Amino acid sequence: MVTYTNYDQLPLALGAEDVAQVLGISRANAYNLMRSKDFPTLKIGKRMTVPKHKLIEWIDAQMAQ
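Here we summarise the structure given alongside this text. (Residues numbered from 1 in each chain as written. Predicted model: local features only at pLDDT ≥ 70, side-chain atom pairs only at ≥ 80, totals over all residues. Heavy atoms only, no water.)

1. Focus on the overall build of the protein chain
Right, on to step 1. Along its length, the protein chain carries 3 helices and 3 strands.
Right, on to step 2. The N-to-C order of helical and strand elements in the protein chain reads β-α-α-β-β-α.
Right, on to step 3. Computed over C-alpha atoms, the radius of gyration of the protein chain comes to 11 Å, within 12% of the 11 Å expected from 2.2 N^0.38 for 65 residues, which places it in the range of a compact globule.
Right, on to step 4. With respect to the principal axes defined by its C-alpha atoms, the protein chain has extents near 30 × 30 × 20 Å.
Right, on to step 5. Sorting the 65 residues of the protein chain into buried and exposed places 32% on the buried side.
Right, on to step 6. Sequence-distant contacts in the protein chain: of pairs separated by 6 or more residues, those separated by 24 or more amount to 33%. (Helix = DSSP H or I, 4+ residues; strand = E, 2+ residues; numbered from the N terminus. Rg over C-alpha atoms; globule rule 2.2 N^0.38 Å. Buried < 20%, exposed > 50% of the residue type's maximum accessible area, 1.4 Å probe, protein only. Contact = heavy atoms within 4.5 Å.)

Shown next as structure tokens:
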């Protein structure tokens, strides 16, 4: 498992395990979040990923609420 200490270290597209680690949640909760309507998930076939810049925007929006 890779440990990220800042946004620059994140891959361009994050899978559920990466999202879970960044947000400090379980992998199951990351999958639930990635299936939610307002989360910036990119679906490629059956694979779900989150573009890095969209995750950062989403985090910033959550902090503004």
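2. Quick word on the pattern of salt bridges
Right, on to step 1. All chains considered together, the criterion is met by 1 salt bridge.
Right, on to step 2. In this structure, Lys54 and Glu57 form a salt bridge, with 3.8 Å as the shortest nitrogen-oxygen distance. Taken as a pair, Lys54 and Glu57 lie in helix α3 (residues 52–64) at a separation of 3 residues, close to a single helical turn.
Right, on to step 3. For Glu57, a relative accessible area of 45% gives the class partly exposed. (Salt bridge = Lys/Arg side-chain N within 4 Å of Asp/Glu carboxyl O.)

3. Quick notes on the nonpolar core
Right, on to step 1. Grouped together as the largest cluster of nonpolar side chains are 14 residues, with contacts concentrated most on Val19, Met34, Phe39, Val50 and Leu55.
Right, on to step 2. Residues in contact with Phe39, not counting those within four places in the same chain, are Val19, Leu33, Met34, Val50, Leu55 and Trp58. (Core = buried A, V, L, I, M, F, W, Y, C linked by side-chain atoms within 4.5 Å.)

4. Topic: the sheet that holds strand β1 (residues 13–14)
Right, on to step 1. Sheet architecture is open: 3 strands sit in the order β1-β3-β2, paired in antiparallel fashion. The strands lining the two open edges of the sheet, one partner per strand, are β1 and β2 (42–44).
Right, on to step 2. Alignment of β1 against strand β3 (residues 47–51), held across 2 bridges, turns out to be antiparallel. Within β3, the position partnered with Leu14 by the bridge is Val50.
Right, on to step 3. Strands in contact with helix α2 (residues 27–35) are β1 and β3; relative to β3, the strand with the most contacts, it is inclined by about 80 degrees.
Right, on to step 4. The strands touched by α3 within the sheet are β1 and β3, with β3 carrying the most contacts at an inclination of about 65 degrees. (Pairing = 2+ DSSP bridges. Axes fitted to C-alpha atoms, helices over the stretch in contact; angles between N-to-C directions.)

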